[in-house]
Amino acid sequence: VRDIFGRYVGTEVAKRALEERPTLGGEDRKVAVLFIDVIGSTAFAVNHTPEEVVEELNKFFEHVVEVVHRNKGIINKFQGDAALAVFGAPLPLSDSTSHALTAARELRQELKGLELQAGIGVAAGHVVAGHIGGSDRFEYTVIGDAVNSAARLTELAKDTDGRVLTNAATLRGANEAEQARWTVMKSVELRGRREMTQLARPIRATMADRS
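Residues numbered from 1 in each chain as written. Predicted model: local features only at pLDDT ≥ 70, side-chain atom pairs only at ≥ 80, totals over all residues. Heavy atoms only, no water.

Peer 1: Quick one: what's the story with the overall build of the protein chain, residue by residue and with numbers?
Peer 2: Looking only at helices and strands, one finds nine helices and eight strands in the protein chain. A compact globule built from 211 residues would reach a C-alpha radius of gyration of about 17 Å, and the protein chain, at 17 Å, matches this within 12%. By its C-alpha atoms, the protein chain is 45 × 40 × 40 Å across when sized along the principal axes. Here the protein chain holds 211 residues, and 44% of them are scored as buried. Here the protein chain displays about 11600 Å² of accessible surface, and carbon together with sulfur accounts for 51% of that area. Computing the positive centroid from 27 side-chain charges and the negative centroid from 29, the protein chain places the two 4 Å apart. (Helix = DSSP H or I, 4+ residues; strand = E, 2+ residues; numbered from the N terminus. Rg over C-alpha atoms; globule rule 2.2 N^0.38 Å. Buried < 20%, exposed > 50% of the residue type's maximum accessible area, 1.4 Å probe, protein only. Areas by Shrake-Rupley, 256 points an atom, 1.4 Å probe, with all protein chains shown as cover. Lys, Arg positive; Asp, Glu negative; His and termini not counted. Charge placed at Lys NZ, Arg CZ, Asp CG, Glu CD.)

Peer 1: Run through the packing of aromatic side chains, naming residues and quoting values.
Peer 2: Enumeration according to the criterion identifies two aromatic pairs in this entry. A centroid spacing of 5.2 Å and a plane angle of 75 degrees characterise the contact between phenylalanine 60 and phenylalanine 61, whose relative ring orientation is edge-to-face. Its relative accessible area of 1% is what places phenylalanine 60 among the buried residues. Looking at phenylalanine 61, the relative accessible area reads 8%, which means it is buried. Taken together, the aromatic side chains of Phe60, Phe61 and Phe78 make up a single cluster linked through ring pairs. (Phe/Tyr/Trp six-rings, centres within 6.5 Å; stacked < 30°, edge-to-face > 60°.)

Peer 1: Requested: an account of the pairing of strand E1 (residues 25–38), with residues and values cited.
Peer 2: The side chains of a regular strand alternate, first on one face of the sheet and then on the other. As defined by bridge partners, E1 adjoins strand E4 (residues 118–134) across 14 bridges and the pair is classed as antiparallel. Bridged to glycine 25 within E4 is histidine 131. Pairing of E1 with strand E3 (residues 82–87) involves six bridges; the strand directions are antiparallel. Across the sheet, the residue bridging to alanine 32 is phenylalanine 87, located in E3. (Pairing = 2+ DSSP bridges.)

See below:
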């Protein structure tokens, strides 16, 4: 039961739920969020059988899960053809922003050659992490501006060279080694925001990235 439960909600969330009685509500946490969304999924579904769509999605998400876990993040949820990964909750993670940015760069390489491609966005900030829902049905998730920002960046990333984006504020929170692997770009107005957001994307893959 512990193993099956962990596969549905993540081992960290399952462990905490089994050790203490979950309650509705949450706590303020500083995290980094990675959002990944498949490009052209509607057209792909039209031209393939449901079985083929599921098969390709599972191939795609197998890479996503492996890279996220390797970089100490958790998959918070799958949303059809998208996934939300969190670094820094439910367990605290030192340098969570750098881990999330590293995962985004590695995913760019890992997904090459797959039939399904995706946009990837990363944002860091304070969120409420906890159980959301009703007393009879709830889930562990994170809610806050970082989640919204990551989703908006993912939309832009789909039409950006390399298909991976973060914002300058998030990048400044990473360690120097990770910052050196990104380049700052223009500022844009993200959907639903009034202030401008400066974008950043990974530089071209180096030999160090490939190794």
